[in-house]
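# Remarks on the overall topology
Okay, here's what each chain looks like letter by letter:
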Amino acid sequence: MVRKMSIPTSKTSLLLFLCQIISALDVPLDLSQPPTITQQSPKDYIVDPRENIVIQCEAKGKPPPSFSWTRNGTHFDIDKDAQVTMKPNSGTLVINIMNGGKAEAYEGVYQCTARNERGAAISNNIVIRPSRSPLWTKEKLEPNHVREGDSLVLHCRPPVGLPPPIIFWMDNAFQRLPQSERVSQGLNGDLYFSNVQPEDTREDYICYARFNHTQTIQQKQPISVKVFSMDSLNDTIAANLSDTDIYGAKPVTERQPVLLTPTGSTSTKVELRGNVLLLECIAAGLPTPVIRWIKEGGELPANRTFFENFKKTLKIIDVSEADSGNYKCIARNTLGSVHHVISVTVKAAPYWITAPRNLVLSPGEDGTLICRANGNPKPSISWLANGVPIAIAPEDPSRKVDGDTIIFSHVQERSSAVYQCNASNEYGYLLANAFVNVLAEPPRILTPANKLYQVIADRPALLDCAYFGSPKPEIEWFKGVKGSILRGNEYVFHDNGTLEIPVAQKNNAGTYTCVARNELGKIQNEVHLEIKDPTMIIKQPEYKVIQRYGQVSFECIIKHDSTLLPTVTWLKDNDELPDDERFLVGKDNLTIMNVTDKDDGTYTCIVNTTLDSVSASAVLTVVARPNPPFDLELTGQLERSVDLSWIPGDENNSPITNFVIEYEDALHEPGVWHYQTEVPGTQTTVQLKLSPYVNYSFRVIAVNRIGRSQPSEPSEQYLTKSASPDENPANVQGIGSEPDNLVITWEPLKGFQSNGPGLQYKVSWRQKDVDDEWTSVIVANVSKYIVSGTPTFVPYEVKVQALNDLGYAPEPSEVIGHSGEDLPMVAPGNVQVHVINSTLAKVHWDPVPLKTVRGHLQGYKVYYWKVQSLSRRSRRHVEKNILTFRGNKTFGMLPGLEPYSSYKLNVRVVNGKGEGPASSDKVFKTPEGVPSSPSFLKITNPTLDSLTLEWGSPTHPNGVLTSYTLKFQPINNTHELGPLVEIRIPANESSLILKNLNYSTRYKFYFNAQTSVGSGSQITEEAVTIMDEVQPLYPRIRNVTTAAAETYANISWEYEGPDHANFYVEYGVAGSKEDWKKEIVNGSRSFFVLKGLTPGTAYKVRVGAEGLSGFRSSEDVFETGPAMASRQVDIATQGWFIGLMCAVALLILILLIVCFIRRNKGGKYPVKEKEDAHADPEIQPMKEDDGTFGEYSDAEDHKPLKKGSRTPSDRTVKKEDSDDSLVDYGEGVNGQFNEDGSFIGQYSGKKEKEPAEGNESSEAPSPVNAMNSFV
């Protein structure tokens, strides 16, 4: 069975290796060996006198050793003391104190001996002492009366205990007394005052001594201190002296430093190597002295030097002989300094250089035991054999002592023994046991067979081969079952048998064989090595800055060996995460919700497997708006300034960039805070400029990158004295509102600008350029004054001066204003128009005299309008256009004119009051332009070789049409275009039959109109000649017709093609390059109402079918009606019309009732028989001659049906078409609509009108239908 062992890190590997070195020296317990002490009590053993005393002594050996004890150098017979027992199979003593024994009776020096047939081992001398915590001796403590500024020492003098107690000072409430540079506790426990202050007066200075072993605290009696200040002392002395006595206590005087401890200028200190060196200097003086330490002739050791007790104590840890020397403390204040030199000598108790180690020798071998130690002074070395000084121990011919070394030659089995080395000087001793065990044993491997080692790639691999044998076996390593012996720099072979592969790679994995052999035999063992991929953090957490109450997430994405199971742990500041539901640990991240200030810190992701561990950290900085400043203080109060200082609040990890200072004027605007100034974030004081007669309060707001803090608490109020105003109102203006007045306005002063009570304004004015005196008036609580009776539009000088009860403000500056304007008197003259092209003209005029403008000249307005088109009838609605030309311009451009039209214009001058009279109308005409596209192009009557083209003239001819141009070309199945043919057509034509075309061929047509200026935009259409004389079956939408109103139009069409076509209507402004707008037709109706159109606008329209790619009708062009005047008389609201309609409705109702009665008396209709013969009564066979429907006939009336429109190519009529047909609305040349698009009157196509035959239905109209005809 393979046993598994993991080697997690290089440090663990090194520890394992050291353990293997030690274990290689151990003798297996199944072999004979001298005793070895494995556990013992410390040399200086202080015990609690209330508990049993346990003195430990454990040992191993073969055979198991027996134990004995000495006490104070003589045998300790435990059998004679009922309170003492020894643990079974152990040498540990238990002294029963809790059952009547006394610890003091067992004080002494104890030593344990473990013995068997091969030798004896001894323990250290163990000194047993019970701890002591004696009470304080009774003493009478006198109150301490001290003058302010003097030094004081309160002595503690605790009782001597074992071990020494821990000293601290507290008051009656068990609160530690505060300590500082001025007041502190010395190493001896005394309380030192460098100088006393009145606040040091109290009666409960109590020194406490804590004895840790007994868990007791002893209390000294309270010490009273009374500090007399100089003022109170002088008052007391003066009260007891006569007026003639001249005496007074001196005030508190400053003193230069004096050392309270240590005394004198020099002292000495001895410390042992490895201990902590503590040096102390405490000084008196006023001001309180500051202590500084130096080492003469050297530097204080780095990394081992610390300052405690406000630098009064110098602490050096782990001292060595190199730390010996002179250490100087310097106490300094403003009056001088004092110093003290402490000469430090570092002594050393013995410490090991080479401790003796156990020897395992085979008979006849040689060996040595070495015992080397050092110390100050140098220790002496002595040897013992089995606990007896070697000089009096039994002789052994194989042994020779040479100082600190014992040499063994040709040992035999009787040479086995335990040797003790003792190194001692005046500061202590060292005792070490080392045995010599003579054995003859074949090799044995102690490492378990088939042990499995798992190692991370690129790290050391240590394969164990712990062995034992006597003589010492030789170790060899092989890889694989039949591999060769391992050699070379790739491997390291250790004396304890361990094979080290310094940098293990994947190819090092496999089975390794360890062979141990000596002259008595040979043995081998196999171990196995697996190499694993290292664990890595491929996405480490990153530094984050987050605002308070936000959310933050740290990522920790790892990659690891597939055979290892990682565990991810998150730490905050090297400790566990807080137990808080805001911390959400995911598979590869840590999310913190609602972040607070306490979440600030370092977050570490630790990934552990059984073999390795990796970690990554990131810092989270929680930022927030700063805390508000506090402790606002006003100083240096003057009439016009004050100094403001404050203490900044916590900046919350985002540096304060600036402070904003605001003020409140409690006199004029209480509760309203105004901006005063701001200063950089490093500044905490500012001098503020003030205004008179303001009751100031200030507050400060801190600003950082996150935002502004809450305002600080307001400062104290500061009322400044009154004064005359410093400034006059701003924004003074003089503008007339009427032709005979002048309105003077100004921006009034704010309350704090008044500088005193009784704020008023002196308003002054006089006509400019006239030798006139100033006219003045004083007003209050207003910001406007009106001067009446002024000439029209005359310049005035105006000024406004502030004043209060204490005087006037400085003389104000003057501003120029004007009295009121009136309308201009004269129209511009000499108006001339120059036509540049068909859409642009330039107009000129002469400026009017400025004196006739009677105001500020703002410019000229040109009114122009279209009178009529020269190519068609006039528009019903005349719309005037206005262009304004600012300033004193005398010309302007008129864009956007319509070609071939007659226009009129006039010009008017404009001032601030309005427009002047218009110039006489000027008539001008625009030349011809190119026409718009033809209004429609229809292609009908396709035959084998001909097509009929019909078109409408352009909606905007823009001149006299001279001709039309038709271009066409064939299109093949791949949409490639053939040769282009061009035909010129006279302007008076509206149709054309194209002959000699190819049969069953699609053609594309391009059609446009011309004037003398040029060609207009073209309209396109496609059509196909038929294959034979049979009606074509291809889909077709034709006869698109429109009937337009002011804002809507009804579009209708005819469709031939497959059933269930879904239609859509596309439309746009004619001649525009904008995309077509698309409207979907519900169902399969053949009409649609376009709404929301612009009055008086030409539109293009076409109809298409969904699902038939590229299939749509030709374009049609229509124009909406002009906008009607808003003030129209609605005939429907006139009383006479309503009465007439009611009478007509009543008459129709009577007629309908009569018809209904008469109809019910009649016989069965023939149509009933037809309904029985056909599933759909609306589908009738067509006549062969003209394709019209057969007629329903009434037996009495025999009313013929009206002929329908063209039938589809399949010679059937769909029910849906019949239901939605526009034929139901009647016929008429121009259909009319209501505003919602419903019909008024009758409707029919424009070109293919057919005469009506009979009524619209064979049925009598219902009352509802009758009423609808009047809607």
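Reference entry: report on the structure contained in this document. (Residues numbered from 1 in each chain as written. Predicted model: local features only at pLDDT ≥ 70, side-chain atom pairs only at ≥ 80, totals over all residues. Heavy atoms only, no water.)

### A look at the overall build of the protein chain
- A tally of regular secondary structure across the protein chain gives seven helices and 95 strands.
- Within the protein chain, the fraction of its 1271 residues that count as buried is 41%.
- Considering only contacts within the protein chain whose residues lie at least 6 apart along the sequence, 65% involve residues at least 24 apart.
- Taken as a whole, the protein chain presents about 67600 Å² of accessible surface, with 51% of it coming from carbon and sulfur. (Helix = DSSP H or I, 4+ residues; strand = E, 2+ residues; numbered from the N terminus. Buried < 20%, exposed > 50% of the residue type's maximum accessible area, 1.4 Å probe, protein only. Contact = heavy atoms within 4.5 Å. Areas by Shrake-Rupley, 256 points an atom, 1.4 Å probe, with all protein chains shown as cover.)

### Some words on the sheet that holds strand β91 (residues 1087-1090)
- The strand order across the open sheet built from three strands is β87-β88-β91, with neighbouring strands paired in antiparallel fashion. Bordering the open sheet on either side are β87 (1036-1044) and β91, each of which pairs with just one other strand. Sheet twist, expressed as the average angle between the axes of neighbouring strands with direction ignored, equals 20 degrees. (Pairing = 2+ DSSP bridges. Axes fitted to C-alpha atoms, helices over the stretch in contact; angles between N-to-C directions.)

### A short note on unusual backbone geometry
- Geometrically, the link from Lys62 to Pro63 is a cis peptide bond, its omega value of 5 degrees lying close to zero.
- Within the secondary structure layout, Pro63 lies in the loop between β5 (57-62) and β6 (66-71).
- Going from Asn376 to Pro377, the amide bond is cis rather than trans, its omega being 5 degrees.
- Tracing the backbone through its elements, the reader meets Pro377 in the loop between β32 (372-376) and β33 (380-385).
- Not every positive phi belongs to a glycine, and Asp631 is a case in point at roughly 55 degrees.
- When you line up the elements, Asp631 lands in strand β58 (residues 630-635).
- Under the relative-accessibility criterion, Asp631 is labelled exposed at 53%.
- In this structure, Asn781 takes a positive phi of about 60 degrees despite not being glycine.

### Some points on the state of the cysteines
- Inspection of the entire model under this criterion finds six disulfides.
- Between the sulfur atoms of Cys281 and its disulfide mate Cys329 the distance is 1.8 Å. Across the disulfide from Cys281 to Cys329, rotation about the S-S bond amounts to roughly -65 degrees, and the bridge is consequently left-handed. Of this pair, Cys281 sits in the loop between β23 (277-280) and β24 (282-286) while Cys329 sits in strand β28 (residues 325-333); the two residues are 48 residues apart in sequence, bridging distant segments of the chain.
- The class for Cys281 is buried, based on a relative accessible area of 0%.
- Overall, Cys329 belongs to the buried group, its relative accessible area being 1%.
- What pairs with Cys556 in a disulfide is Cys605, and their sulfur atoms sit 1.9 Å apart. (Disulfide = S-S within 2.5 Å.)

### What to know about the sheet that holds strand β44 (residues 492-493)
- Strand order in the open sheet made by the three strands is β41-β45-β44, with antiparallel pairing throughout. Each having just a single partner strand, β41 (461-463) and β44 make up the two edges of the open sheet.
- Two elements, β44 and strand β45 (residues 499-501), share two bridges in a ladder whose sense is antiparallel. Of the residues in β45, the one forming a bridge with Phe493 is Leu499.

### Some points on the side chain of Asn911
- Here Asn911 lies in strand β78 (residues 901-911).
- Residue Asn911 is classed as buried on the basis of its relative accessible area, which comes to 1%.
- Of note is the side chain of Asn911, whose polar atom sits 2.7 Å from the backbone oxygen of Asp822.
- Setting aside residues up to four positions removed in sequence, Asn911 forms contacts with Glu821, Asp822, Leu823, Pro824, Val853, Arg854, Gly855, His856 and Gln858. (Polar contact = N/O pair within 3.5 Å; in protein donor to acceptor, adjacent residues only side chain to side chain.)

### Things to note about the pattern of salt bridges
- Tallied over the full model, the rule gives 36 salt bridges.
- With its nearest N and O atoms 2.6 Å apart, the salt bridge here joins Asp200 to Arg182. Placement of the pair is Asp200 in the loop between β17 (191-193) and β18 (202-211) and Arg182 in the loop between β15 (166-170) and β16 (183-185), with a sequence separation of 18 residues. By the burial criterion, Asp200 is buried, and Arg182 matches it.
- Between Arg640 and Asp726 there is a salt bridge; the shortest N-O distance is 3.0 Å. Of this pair, Arg640 sits in the loop between β58 and β59 (641-647) while Asp726 sits in the loop between β64 (718-719) and β65 (730-735), and the two are 86 residues apart along the sequence.
- Arg640 sits in the partly exposed class, given a relative accessible area of 37%.
- Connected through salt bridges with shared partners, the residues Arg147, Asp150 and Arg255 form a single ionic network. (Salt bridge = Lys/Arg side-chain N within 4 Å of Asp/Glu carboxyl O.)

### A few points about the packing of aromatic side chains
- Taken as a whole and assessed by the stated rule, the structure comprises 25 aromatic pairs.
- Above the face of the Trp774 ring, Lys799 is positioned so that its terminal group lies 4.4 Å from the ring centre.
- The ring of Tyr1064 has Lys1078 lying over it, and the distance from NZ or CZ to the ring centre is 4.3 Å. (Phe/Tyr/Trp six-rings, centres within 6.5 Å; stacked < 30°, edge-to-face > 60°. Lys NZ or Arg CZ within 6 Å of the ring centre and 35° of its normal.)

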